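# Examination of the molecular architecture
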Amino acid sequence: MTYEAEEKYMASNVSLRQHQSVSLSYGLAVLNQGDRLVPWAFERRELRSDDIAVKIQFCGVCHSDLHAIRGSSGSFPLVPGHEFVGEVTAIGAEVTKFRVGDAVAVGNIVDSCGKCPPCLNHEESYCREFPTTTYGGVDRIDRSITRGGYSNDYVVKTDFAYHLPAGLDPASVAPLMCAGITTWSPLRHWNIGTGKTIGIVGIGGLGHIAIKFAHALGAYVVVFTTSEQKLADALALGADEAILSTDADKMAAQKYRFDFILDTVSARHSLDPYLLALTLDGTFCCLGIPDRMDFTPVLLTMGRRRLTSSGSGGTVETQEMLDFCSKHNITADVEIIAAADINDGFERLDRAKVHYRLVIDMATLEAPAKNAA
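Residues numbered from 1 in each chain as written. Predicted model: local features only at pLDDT ≥ 70, side-chain atom pairs only at ≥ 80, totals over all residues. Heavy atoms only, no water.

Moving on: the overall build of the chain. When helices and strands are counted, the chain shows 12 helices and 17 strands. Against the compact-globule benchmark of 21 Å for 373 residues, the chain has a radius of gyration of 21 Å, which places it among compact chains. Judged by the C-alpha coordinates and their principal axes, the chain covers about 65 × 45 × 35 Å. Of all 373 residues assigned to the chain, the portion counted as buried reaches 54%. Surface accessibility of the chain: about 16500 Å² in total, with carbon and sulfur atoms responsible for 49%. Computed over 34 positive and 45 negative side-chain charges, the separation of the two mean positions in the chain equals 3 Å. (Helix = DSSP H or I, 4+ residues; strand = E, 2+ residues; numbered from the N terminus. Rg over C-alpha atoms; globule rule 2.2 N^0.38 Å. Buried < 20%, exposed > 50% of the residue type's maximum accessible area, 1.4 Å probe, protein only. Areas by Shrake-Rupley, 256 points an atom, 1.4 Å probe, with all protein chains shown as cover. Lys, Arg positive; Asp, Glu negative; His and termini not counted. Charge placed at Lys NZ, Arg CZ, Asp CG, Glu CD.)

Listed below in C-alpha cells is the structure:
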C-alpha cells in the first residue's frame, strides 16, 4: 500500500465527530499486532479544566515503541510515541501553569492515582495503581485508550506537561522525556557525582544521554561497547575512558573498580564481567531489561553487590532533569525523519543503525484530504 493510499484509508475509517468537545486527530498507527504503521484518524478526549491541548512538533522514536507494535501492549489500534514537544493551542478553565503559545514537553506518563505513597512523593512512575501511559493506557476518567505522540496533537493533564527549556533545540529535547529521564533517575537516586567511578554499558538512545549526564554530574565515566567504531564517540560524548567489552583481557582488568554501573543494553548478554567490576557495595542497574538475565548469583555475595533496575522518573525529578539540561546545554543526538519514513526508521532501530535517537518531524504528517479543512 502506498503512503497516498494509506491516507485515503485513514480518511475512510473514521466517522466525523458529532460535537465540538471531541477533537478529530490523525497520526500513525499499528492497526493490528505486527502490522506496519499506517495513517489513521481517531478522536481525542475532550479538554478538561486542568488540561492543555498541544500541537505536536517533534516526537522521538523509542525502542519500547518497537516492542509495543510487536504486541507487548495489547491495545490495538495503537498510536505510539511518548516523548514529544509542541505548542499549547488551548487551555482548560483552571489552568494557570501554561498559556496558549507556550512551548511544552510531554513524557511517557500522563496521569497517576495521586493518592498512593509514591504519587504523594511525586514518584508517579511507581504509582501502585499503575500510571496512565502516554499511549496504550487507559484514561482514569472516561476509560478511553490513550493515543500517543505520533500524531498531530495531544490533550494532557498539566501536572504531566513541562515548559520547554529556553535555548535548547526542541527536536533534541523530545528524547529527554523518555530516554533522558530514564537514565537521569537512577543516576540521581544513587547519588552519582564527583568522586564516583561509574560504568555505562551501551552507547545507544539511552547510553549516549547517560554519558552526558554522568559527565556533567562530575563522575569519572567509563563506557563499555561492543563496537570499535563507537569508542571514539564515547569519548566525544564526555566519557573519560571507552573499553571494548569483547576484549576479555581488558574486561578482566576492571575488577573491583566501579561504584556504579548503568546497563542500557536491551539484548541478552552476560552480566558477570560487570558484576566482577563492581567494588564492595557496588550497584549494577539494568535499564535494558532483556527477556532473561544471564549472571552468576554468587558474584553478588562476593562483594555485597546489588543488582537492581529503575523505571522512569516522576514529575519533580523530570523538571529537575530539564533544569539541569538547560543549565548544562544537554540534549539528545538525533536524526530527524519524515512521518512517511517511520517504517524504515523502525527497521533501522531494530538493526541498531540509528545515531542515536530518531525524531519524527510532525510537520510532515499530512492530514487526510477529507478532513484537511
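The next point concerns the sheet that holds strand E10 (residues 197–201). The sheet built from 6 strands is open, its strands ordered E12-E11-E10-E13-E14-E15 with parallel pairing. Strands with a single pairing partner mark the edges of an open sheet, and in this sheet they are strand E12 (241–244) and strand E15 (306–309). Strand-to-strand twist across the sheet, computed as the mean angle between neighbouring axes with direction ignored, equals 20°. With 4 bridges connecting them, E10 and strand E13 (residues 258–263) associate as parallel partners. For Ile200, the partnering residue across the bridge sits in E13 and is Leu262. Running at roughly 160° to E13, helix H5 (residues 179–189) makes contact with E10, E13 and strand E14 (278–286) of the sheet. Helix H7 (residues 230–237) contacts strand E11 (220–225) and E12 of the sheet and is inclined by roughly 160° relative to E12. (Pairing = 2+ DSSP bridges. Axes fitted to C-alpha atoms, helices over the stretch in contact; angles between N-to-C directions. Contact = heavy atoms within 4.5 Å.)

Take the packing of helix H6 (residues 207–217) against helix H11 (residues 315–328) next. Interhelical geometry of H6 versus H11 gives an angle of 75° and a closest axis separation of 11 Å. In terms of orientation, H6 and H11 fall into the roughly perpendicular class. On the side of H6, the interface is formed by Phe213, Ala216 and Leu217, while H11 contributes Met321, Phe324, Cys325 and His328. Looking at the contact of H6 with H11 residue by residue, the class counts come to 6 nonpolar, 1 polar and no charged. (Parallel < 35°, antiparallel > 145°, perpendicular 65-115°, else oblique. Nonpolar A, V, L, I, M, F, W, Y, C, P; charged D, E, K, R; others polar.)

Looking at chain direction, E11 and E12 are connected through 4 bridges and run parallel. Pairing of Phe224 across the sheet is with Ile243, part of E12. The parallel pair E11 and E12, bridged by H7, forms a crossover whose chirality is right-handed. (Right-handed = clockwise from strand over helix to strand, strands pointing away.)

Attention now moves to H6. The buried count for H6 comes to 9 of 11 residues, which makes it a mostly enclosed element. If you follow the buried residues of H6, they end up packed against H5, E10, E11, H7, E13 and H11.

Let us look at the side chain of Ser25. Here Ser25 lies in strand E1 (residues 23–29). At a separation of 2.6 Å, a polar atom in the side chain of Ser25 contacts the side chain of Asp153. Residues contacting Ser25, with those up to four places away along its chain left out, are Trp40, Ala41, Phe42, Arg44, Asn152 and Asp153. (Polar contact = N/O pair within 3.5 Å; in protein donor to acceptor, adjacent residues only side chain to side chain.)

For the rest of this paragraph, the subject is the nonpolar core. Formed by 45 residues in total, the largest nonpolar core has its most connected members in Leu187, Ile198, Ile200, Phe213, Val223, Phe260 and Met321. Elements represented by at least two residues in this core include exactly helix H4 (170–173), H5, E10, H6, E11, H7, E13 and H11. Here this core takes 6 residues from H6, the largest share from any one element. Contact partners of Phe213, with chain neighbours within four places excluded, come to Leu176, Gly180, Thr183, Trp184, Leu187, Met321, Phe324, Cys325 and Ile330. Judged by nonpolar contacts, the second largest core, of 43 residues, contains Leu31, Val79, Ile337 and Ala339. (Core = buried A, V, L, I, M, F, W, Y, C linked by side-chain atoms within 4.5 Å.)

Inspection of the entire model under this criterion finds 10 aromatic pairs. A ring pair is formed by Phe84 and Tyr154, whose centres lie 5.2 Å apart and whose planes are at 50°; its orientation type is tilted. Pair noted here: Phe84 is in strand E4 (residues 84–91) and Tyr154 is in strand E8 (residues 153–157), with a separation of 70 residues, a long-range link. According to the relative accessible area criterion, Phe84 is buried, its value standing at 1%. What makes Tyr154 buried here is its relative accessible area of 3%. A ring pair is formed by Trp184 and Phe324, whose centres lie 4.7 Å apart and whose planes are at 45°; its orientation type is tilted. (Phe/Tyr/Trp six-rings, centres within 6.5 Å; stacked < 30°, edge-to-face > 60°.)

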